[in-house]
Amino acid sequence: MSLPMIELNGVGKSFGAHEVLRGVELKIAKSEVVCLIGPSGSGKSTLLRCVNFLEPYDVGDVRIEGRLIGYEDAPDGTRRSMNARKLRDMRREIGMVFQHFNLWPHMTAIGNVAEPLRRVRGLPANEAADRAMAMLTRVGLAAKAHAYPSHLSGGQQQRVAIARALAMQPRLMLFDEPTSALDPELVGEVLEVMKSLASEGMTMLIVTHEMGFAAHVADRIAFIDEGRIIEEGPPRHVFHHSREPRVRQFLQTYHDRNSF
Amino acid sequence: MNPDVLWRYLPSLISGFGVTIVCWSAGGALGMLLGFAIALARRLPLPPLQWALRIFIEVFRGTPFLMQLFLLYSGGPYIGLRLTATEAGVLGLGLYSSAYFAEIFRAGFASVPRGQIEAATSVGMAPFDALIRVALPAALIASVPSIVNMLIVLSKETVVLSIITVPELMYQMQTMAAETFTAFDAIFAMAVFYWLLVEVVSRIGARVEARVTAFLAREGAAA
């Protein structure tokens with residue numbers, strides 16, 4: 001049996017006195033798509049950000065294909081911060097897409113995608129540009145390659161951000177509410193790209209409020225509340241057969257809102 | 001107004017204007033370089049260095065430029081710093097403005113959204129690359145209006161250099177006024193020269209600003 005792509009064991013994290021994550025357990029196999037849902041403030045984004053150590057967790061283990069990220073455990077049981085270079089090497093295998101796209105505004109679309117290829121992968125300029133162009137084509141934005149982010153719609157910006165992450169050829173992708181900042185009519189184009197990624201076998205962990213998308217694309221849904229995963233299973237199970245009152249209550253508000 | 005007197009003193013006024021421009025641009029360039037270095041150094045996690053830089057900025061922003069210049073020019077020799085008046089003037093303008101430029105650049109760096117740095121971190125970019133390729137351009141662009149503003153303020157601080165006998169515009173104007181008893185004409189001439197300088201600087205500044213922020217403009221507005 002192969003190692004899980006992502007494995008979280010007893011992950012805890014506090015901001016001051018506020019405990020955001022309390023012993024999170026989660027396993028995601030290669031090529032699996034898992035959607036993380038839950039009320040706001042439940043710790044979804046923090047959990048996601050712990051996976052690439054953008055947010056350092058305090059206790060527990062986060063492992064990527066069996067390898068601990070962010071820390072190094074010594075044989076005597078003590079733990080110290082991971083060497084910065086090793087951490088960067090691990091991070092470049094983990095693509096991340098943010099709620100607010102976080103494109104670099106002073107670079108064109110193709111510049112945004114090529115930049116990490118040049119700085120991190122060390123590709124020469126023309127090769128980086130070729131690969132960047134291929135990625136933009138893949139997300140349907142070849143025609144906008146030389147536009148600056150401010151000249152793109154939110155949906156287009158997010159697709160560029162996805163292309164930027166994909167160009168690094170990551171082994172897994174993290175999505176932090178990728179459509180929450182978009183106008184409703186722009187959500188579809190981003191979800192389409194994500195759907196095609198999923199069908200190509202990309203391992204994905206997605207924090208989302210798009211319940212329809214989660215139901216159709218996810219292999220599994222994990223529901224998080226007050227820093228713990230309280231329900232986990234196939235979408236059908238979580239959405240229709242959960243016994244957890246908190247889950248039912250949360251989903252009820254969605255049903256209510258969508259039945260006008 | 002006495003056109004003859006003005007005409008007679010025009011060469012010395014123009015030479016003074018030239019000295020003003022040289023001191024101003026050299027002092028401004030020095031101030032920007034030093035200020036930028038301070039702003040970068042303020043990002044290093046070294047507490048003693050942070051205190052030293054804070055004190056430097058507080059001293060040079062918190063005391064009159066005239067006093068700083070006097071200390072530098074008259075007090076300098078006591079610590080082995082023998083400078084001509086013009087050298088002291090340029091160095092003084094540089095030190096004085098560096099404190100302001102340091103704050104301008106610091107604010108510029110602070111204005112870079114954290115998400116842009118996180119995006120760089122998430123693709124595995126080294127902190128130095130993220131600083132040079134992501135934070136720096138955004139910080140500089142955000143700083144342009146404040147830089148132009150500071151340069152304009154600095155152009156007028158150059159008059160203080162006349163006190164330590166730098167032969168700049170103010171000095172020539174005072175000479176003319178004293179020799180010909182035409183205070184009004186002299187001041188008027190000086191005002192015209194300064195207005196000219198500030199006008200040119202602010203126009204260039206507006207152009208630079210439009211140029212470097214062109215990519216931020218919405219479609220249509222940019223075309």
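The coordinates are above.
Just so we're clear, the structure is a prediction, and the values are computed from it rather than from any experiment.

**Student:** Just give me the short version of the overall build of chain A, but keep the residues and values in it.
**Tutor:** Scanning chain A from terminus to terminus reveals nine helices and 12 strands. Relative to its length of 260 residues, chain A is compact, with a C-alpha radius of gyration of 19 Å against a globular reference of 18 Å. Overall size of chain A, expressed as C-alpha extent along the three principal axes, is 60 × 55 × 40 Å. Here chain A holds 260 residues, and the buried ones make up 56% of them. Here the analysis covers contacts within chain A between residues at least 6 apart in sequence; of these, 63% occur between residues at least 24 apart. Side-chain charges in chain A split into 32 positive and 31 negative, and the spacing between the mean points of these groups amounts to 4 Å.

**Student:** Please provide a residue-by-residue account of the side chain of Asn112 of chain A, values included.
**Tutor:** Topologically, Asn112 of chain A is positioned in helix H3 (residues 109–119). Within the structure, the side chain of Asn112 of chain A is placed 3.0 Å from the backbone oxygen of Met107 of chain A, a separation counted as a polar contact.

**Student:** Talk me through the environment of Gly108 of chain B; I want residue IDs and the actual numbers.
**Tutor:** Residue and element names in this part refer to chain B. Position of Gly108 relative to the elements: it lies in helix H4 (residues 85–110). Residue classification places Gly108 among the buried positions, given a relative accessible area of 3%. If near-sequence neighbours (up to four positions away) are discounted, Gly108 is found in contact with Ala139 and Ser143.

**Student:** Provide a residue-level description of the interface of chain B and chain A, including the pertinent values.
**Tutor:** Of the residues lining the interface, 26 residues belong to chain B; the matching set on chain A comes to 26 residues. Inspection of the region where chain B meets chain A yields two salt bridges. A salt bridge links Glu115 of chain A to Arg133 of chain B; its shortest N-O distance comes to 2.6 Å. Counting the contacts that link chain B with chain A gives five residue pairs in polar contact (both at pLDDT 80 or more). Contributing elements (two or more residues each) for the side of chain B that touches chain A: helix H5 (114–122) and helix H6 (127–157) of chain B. It is H5 of chain B that contributes the most residues to the side of chain B that touches chain A, eight residues altogether. Of the residues in the side of chain B that touches chain A, the class split is 15 nonpolar, five polar and six charged.

**Student:** Let's hear about the sheet that holds strand E4 (residues 59–64) of chain A: which residues, and what values?
**Tutor:** Paired through backbone hydrogen bonds, the strands of a sheet run either parallel or antiparallel to each other. All names here are of chain A. Within the open sheet, the four strands sit side by side as E2-E1-E4-E5. Their pairing is antiparallel. Since the sheet does not close on itself, it has two edges, and those belong to strand E2 (18–28) and strand E5 (67–68), each with one partner. In this structure, E4 lies alongside E5, joined through two bridges in antiparallel fashion. The partner of Arg63 across the bridge, within E5, is Leu68.

**Student:** Just give me the short version of a nonpolar patch on the surface, but keep the residues and values in it.
**Tutor:** Residues and elements named next belong to chain B. On the surface, Trp51, Ile55 and Val59 cluster together into a nonpolar patch covering about 350 Å² of accessible area. Note that Trp51 resides in helix H2 (residues 47–62). Exposure remark for Trp51: the relative accessible area of 60% places this residue in the exposed category.

**Student:** Describe the pairing of strand E9 (residues 172–176) of chain A, listing the residues and the values that go with them.
**Tutor:** Residues and elements named next belong to chain A. A large share of E9 lies buried, amounting to five of its five residues. Covered by surrounding structure in E9 are Leu172, Leu174 and Asp176 together with Met173 and Phe175, the residues of both alternating faces. In the sheet, E9 pairs with strand E10 (residues 203–207) via five bridges, with the strands oriented parallel. Bridge assignment links Phe175 to a residue of E10, and that residue is Ile206.

**Student:** How would you sum up the pairing of E4 of chain A? Please name residues and give values.
**Tutor:** Residue and element names in this part refer to chain A. Note that strand E1 (residues 6–15) and E4 share five bridges and pair antiparallel. Residue pairing across strands places Leu8 opposite Val62, the latter belonging to E4. Adjacent in sequence and paired antiparallel, E4 and E5 are bridged by two residues, among which Glu65 carries a positive phi angle near 45°.

**Student:** So, the pattern of salt bridges: which residues are in play, and what are the values?
**Tutor:** Where charged atoms of side chains with opposite charge meet at close range, the side chains can pair. For the coordinates displayed, the defined rule picks out 21 salt bridges over all chains. Measuring nitrogen to oxygen at the nearest pair gives 3.7 Å for the salt bridge that ties Glu192 of chain A to Lys195 of chain A. In this pair, Glu192 of chain A and Lys195 of chain A both sit in helix H6 (residues 184–199), three residues apart, roughly one turn of the helix. Through salt bridges with shared partners, one network takes in Arg49 and Glu55 of chain A together with Arg114 and Glu118 of chain B.

Cut-off values and rules
Residues numbered from 1 in each chain as written. Chains lettered and ligands numbered in written order. Predicted model: local features only at pLDDT ≥ 70, side-chain atom pairs only at ≥ 80, totals over all residues. Heavy atoms only, no water. Helix = DSSP H or I, 4+ residues; strand = E, 2+ residues; numbered from the N terminus. Rg over C-alpha atoms; globule rule 2.2 N^0.38 Å. Buried < 20%, exposed > 50% of the residue type's maximum accessible area, 1.4 Å probe, protein only. Contact = heavy atoms within 4.5 Å. Lys, Arg positive; Asp, Glu negative; His and termini not counted. Charge placed at Lys NZ, Arg CZ, Asp CG, Glu CD. Polar contact = N/O pair within 3.5 Å; in protein donor to acceptor, adjacent residues only side chain to side chain. Salt bridge = Lys/Arg side-chain N within 4 Å of Asp/Glu carboxyl O. Nonpolar A, V, L, I, M, F, W, Y, C, P; charged D, E, K, R; others polar. Pairing = 2+ DSSP bridges. Patch = residues over 30% accessible without salt bridge, like charges linked within 9 Å, V, L, I, M, F, W, Y side chains within 5 Å. Areas by Shrake-Rupley, 256 points an atom, 1.4 Å probe, with all protein chains shown as cover.

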